[in-house]
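# Analysis of the macromolecular model
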Amino acid sequence: IKPPGGSGFAPHLDTPSLRLVFGQDGPQHFITVMVAIDDMTSENGCLRVVKGEYNSEQSAPLVIPPDENGNPDAEGRAGAMPLEVADTLMFEDILCKGGMIAIFNGWIPHRSAVNKTAFSRRAVFLTYNLKSEGCFRERYYTKMREWRSGWRATRGAQGDADLEEMEKMGEFDALKTIPRI
């Protein structure tokens with residue numbers, strides 16, 4: 001859900017982020033399916049992609065290495081693109097009606113912008129790997145919980161209340177890394 005005034009997400013690639021979680025013994029190929037719940041418009045911060053054929057050789061140089069001590073949902077996330085690189089690419093809006101889907105591979109550069117309307121914009125993003133590579137859903141969420149808990153612990157979280165407060169602050173910190181357009 002992107003509320004009115006809600007920021008977009010920074011330019012990134014999905015595959016480097018997912019490969020960091022799984023390592024070389026995990027899946028290597030990903031697609032993302034976006035299901036538009038509401039109409040996706042330029043005004044409400046729709047998905048923006050760089051059209052074309054993208055693969056690891058072409059896209060990998062576009063990303064920056066994650067900060068090893070960073071928040072796994074912000075500067076510690078793999079797949080982020082430096083803005084000076086993203087600014088050289090032609091991102092195009094994916095405009096669609098509610099109920100439509102868009103499918104793109106994990107090497108496609110993508111981002112979104114701020115929701116400038118008075119209404120929330122909803123979409124669901126589902127990421128899949130090849131069936132032949134196995135099921136990694138539980139492993140992904142377990143690893144991300146470990147990374148997030150470890151990161152919070154380095155910042156002094158003591159109990160559930162501290163973790164809950166840090167979770168909120170982490171979300172705000174992650175949002176601060178997203179450029180407003």
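Report on the accompanying structure. (Residues numbered from 1 in each chain as written. Predicted model: local features only at pLDDT ≥ 70, side-chain atom pairs only at ≥ 80, totals over all residues. Heavy atoms only, no water.)

### What about the overall build of the protein chain?
From N to C terminus, the protein chain includes 5 helices and 6 strands. Evaluated residue by residue, the protein chain yields a buried proportion of 38% over its 181 residues. Contacts in the protein chain between residues far apart in sequence, at least 24 positions, make up 84% of those at least 6 positions apart. Of the roughly 10,600 Å² of accessible surface on the protein chain, a fraction of 56% belongs to carbon and sulfur atoms. (Helix = DSSP H or I, 4+ residues; strand = E, 2+ residues; numbered from the N terminus. Buried < 20%, exposed > 50% of the residue type's maximum accessible area, 1.4 Å probe, protein only. Contact = heavy atoms within 4.5 Å. Areas by Shrake-Rupley, 256 points an atom, 1.4 Å probe, with all protein chains shown as cover.)

### Remarks on the sheet that holds strand 1 (residues 30–36)
The sheet built from 3 strands is open, its strands ordered 4-1-6 with antiparallel pairing. Because the sheet does not close on itself, it has two edges, and the strands there are strand 4 (101–105) and strand 6 (123–129). Sheet twist, expressed as the average angle between the axes of neighbouring strands with direction ignored, equals 20°. Against the sheet, helix 1 (residues 14–22) engages strand 1, strand 4 and strand 6, with an angle of about 120° to strand 1. (Pairing = 2+ DSSP bridges. Axes fitted to C-alpha atoms, helices over the stretch in contact; angles between N-to-C directions.)

### Considerations on a nonpolar patch on the surface
The grouping of Ile31, Ile37, Ile101, Ile103, Val124, Leu126 and Tyr128 at the surface amounts to a nonpolar patch, some 590 Å² of accessible area in total. Those elements that place two or more of their residues in the nonpolar patch are strand 4 and strand 6. Counting residues per element, the nonpolar patch draws most heavily on strand 6, at 3 residues. Along the polypeptide, leucine 126 turns up in strand 6. (Patch = residues over 30% accessible without salt bridge, like charges linked within 9 Å, V, L, I, M, F, W, Y side chains within 5 Å. Salt bridge = Lys/Arg side-chain N within 4 Å of Asp/Glu carboxyl O.)

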